[in-house]
Amino acid sequence: MSSGVQTKPEQLEGWNRPPVIAPEGEGELLEVAMGPHHPSTHGVFRMDVTLDGERVIGLKPVFGYLHRNHEKIAEQTSYLASMPYTDRLDYFCSLTNNWAYALAVEKLAGLDAPERAQYIRVILAELTRIQNHASAVGFLLQDMGASGTPLMYAFREREKILDLFEQLTGARMMCNFMRFGGCRVDATAGWLDGARKMVAGLPNFVDEFEALLSTNEILMARTQGVGVLKPDLAVNTGVSGPMLRASGVDYDLRKVDHYGIYDRFQFRVPLGEHGDIYDRYMVRVLEMRESIRILEQALKDVPAGPVMDPKAKSRGFRPKPGEAYGRIEAPKGELGFYLISDGTPNPYRYRVRPPSLINLTILEDMCLGHDVADVVLIFGSVDIVLGEVDR
Amino acid sequence: MLGEGILKGMAETAKNFFGSYVSKERLTTVEYPEERVPAAENARAFPFLVYDGPDWQAGLRCVSCQICEKECPPKCILIEKSKDKKPDYVGKPQFYPVRFDIDLSVCMSCQICVEVCPFDAIKMNTEFALATDDRFGGLLFSREKLAKSNEYYHSIHPTEAAEVDARLAEEKAKVEAKAKAAAEAAAAKAAVSASPAEGGN
């Protein structure tokens, strides 16, 4: 510097990092940080991808950008005050989050939701599943380059479901509806009629959606055989939900646990065969059809009666010391809440088992050997919401 | 045939596109803000305080029990209790809030304050277009801004407001009946205690 030699930009400190050399010495590898602002990451999520040309030879997911301290906040507030925070975990499916948390607290406190509340819960959970799967498929197609059309068709239907949610719970997304021992308000006869009318139109939508997509050659070329997840790997890593069933593992908590009143309804569990992206797409579409079947059965005879357990009280709620784990089949997989009570108004320990996070841990194994463009698709087919991954 | 699936999909989009000219079902876009969908009856945005009668300060239902302040999950409510008391709707002397602030930039519209309020004093508003250019004080609503009349409550949530009114009227009637019975008993007692004196004369 003192000799007056001009410093070239590439000689600046830290500018010239040593190149990453491939193990077999073939050439330079490229490290790409996809995200946290990449539009395909559905939020703030980063993938540190190591590339050999176009081929992925390493992928490190980096998350925590949306961490909101959900579990610690819940340990500082009363049981009821955590309910609106659970809406914000997976903000696409606030009602199933409510249900999982209510189920855990009901187990802890020995409460039981009455018949009518159980029916309303099933109806709302299945409507949530339909809108989640429809928009998940829509977003997957958006990532694939089908700009807008499938997503808009999905959102058109989602809008009708959200209107129903708004009429019943007062909010479209942050519903905050279920309570320990029942539901906050009762569904009116008018609302049930509206739901019946909406559900009657849903098979038509799924038919239309399938005609648009299922046999589309571009979709098949891009998804079949891509991102294969083997069933034994899926089981060993704790993957759940449509991801697990697309790999051919018959495991649905609605059938296994019989929580709520799911043992009263006739429905099948769709399974995939290859475990690729196309199977995940197909399983979601078929699950929508099964959800419509459950809805038709549930809406047929909703019994009259109260929607709250008379033993339940909103103020001064202190469950006995003990622990409980409540889990449900959320649209994205097994959503569980683990609670330890020490007899005070606040839980001693509050833990969420988020399906999005655990399904995401398998990302590298599915992406290895594929192109960068396929990484976006594989990531989209996992169906995550960052609010739940980072909590 | 290669491309069959694509053609089938295109036919579907064409059906939707041309269908939107004839069928209202398929034309789903609402041109906000020229066109607005009416809000659902129990839609909720942010809380407000209900008052009865013409004067908001005299008619405020809140008795400053501070339950909502304690239960609010994000702790966006601040209440300062009065030193003196004023009569509430049944005539019982109660405290009132000298200060009742809600920071709407913190509020998450969860409705828990409404659920825990034993006096039906706080309810959810449906007004949502509250954007302001004042970053610090613009969304910190004091009790003047939060106070809304019972008539306004009736106009936004008619069914719920009617239920609340019926419940309050019933409570008032009960209290009045009790007071009347107590007064009658007292009068009877006075008459009884007075009559021996008369007899003594």
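The structure this text deals with has already been given above.
Every chain begins its residue count from 1, and numbering advances along the sequence as written. Chains carry letters from A onward and ligands carry numbers from 1 onward, assigned in written order. In keeping with the predicted nature of the model, local features appear solely for residues at pLDDT of at least 70, side-chain atom pairs appear and are counted solely at 80 or more, and the whole-chain, interface and lining totals rest on all residues. Only hydrogens and water are set aside when side-chain values are computed; all heavy atoms of the structure are taken into account.

## Notes on the environment of R68 of chain A
Residue and element names in this part refer to chain A.
Here is step 1: The way it works is that DSSP assigns letters per residue, a run of H or I at least four long becomes a helix, a run of E at least two long becomes a strand, and they are numbered from the N terminus. Its place among the elements puts R68 in the loop between β4 (55–62) and α1 (70–76).
Here is step 2: A sequence separation of 319 residues divides R68 from G387, and the C-alpha atoms of the two residues are 8.6 Å apart.
Here is step 3: Contacts were defined at the residue level, with two residues in contact if any of their heavy atoms lie within 4.5 Å. If near-sequence neighbours (up to four positions away) are discounted, R68 is found in contact with I73, R88, L89, G387 and R391.
Here is step 4: Engagement of the side chain of R68 in a polar contact is seen with the backbone oxygen of G387, the distance being 3.2 Å. A 3.5 Å cut-off defines polar contacts: any pair of N or O atoms within that distance qualifies, except that in protein one atom must be a possible hydrogen donor and the other a possible acceptor, and neighbouring residues in sequence count only when both atoms are side-chain atoms.

## Some details on helix α1 (residues 4–22) of chain B
Residue and element names in this part refer to chain B.
Here is step 1: Here α1 is 19 residues long and its end C-alpha atoms lie 27 Å apart, about the 27 Å a rise of 1.5 Å per residue gives.
Here is step 2: Restricting attention to buried positions, one finds in α1 the residues G5, G9, E12, N16 and G19. The buried residues of α1 occupy one face: seen down the axis, they fall within an arc of 90°. Residues of α1 that are exposed and angled more than 90 degrees away from the buried face: L7, M10, F18, Y21 and V22. Multiplying 1.5 Å by the residue count of a helix minus one yields the expected span of that helix. Three labels apply to residues, based on accessible area from a 1.4 Å probe with only protein chains included: buried if under 20% of the type maximum, exposed if over 50%, partly exposed otherwise in between. This arc is built from the directions going out from the helix axis to the C-beta atoms.

## Some remarks on unusual backbone geometry
Residue and element names in this part refer to chain B.
Here is step 1: Note that the residue after Y32, namely P33, is joined by a cis bond; omega there is 0°.
Here is step 2: Relative to the helices and strands, P33 is located in the loop between α1 and β1 (47–51).
Here is step 3: You will see that S64, though not glycine, has its phi angle at about 55°, which is positive.
Here is step 4: With respect to the helices and strands, S64 occurs in the loop between α2 (56–59) and α3 (67–71).
Here is step 5: Although it is not a glycine, D120 sits at a positive phi angle of roughly 55°.
Here is step 6: Inspection of the secondary structure puts D120 in the loop between α4 (112–116) and β6 (122–124).
Here is step 7: What makes D120 buried here is its relative accessible area of 8%.

## Observations concerning the pattern of salt bridges
Residues and elements named next belong to chain A.
Here is step 1: In what follows, salt bridge is the name for a side-chain nitrogen of Lys or Arg lying within 4 Å of a carboxyl oxygen of Asp or Glu. Within this structure, the stated rule accounts for 44 salt bridges over all chains.
Here is step 2: E329 is the partner of R245 in a salt bridge, and the nearest nitrogen-oxygen pair spans 3.0 Å. Of this pair, R245 sits in helix α9 (residues 242–246) while E329 sits in strand β7 (residues 322–330), placing them 84 residues apart in sequence.
Here is step 3: Its salt-bridge partner being K332, residue D383 comes within 3.9 Å of it at the nearest N-O pair. Of this pair, D383 sits in the loop between α14 (372–382) and α15 (386–390) while K332 sits in the loop between β7 and β8 (333–341), and the two are 51 residues apart along the sequence.
Here is step 4: Among the charged side chains, a network of salt bridges with common partners joins E126, R129, R245, D252, R254, E287 and E329.

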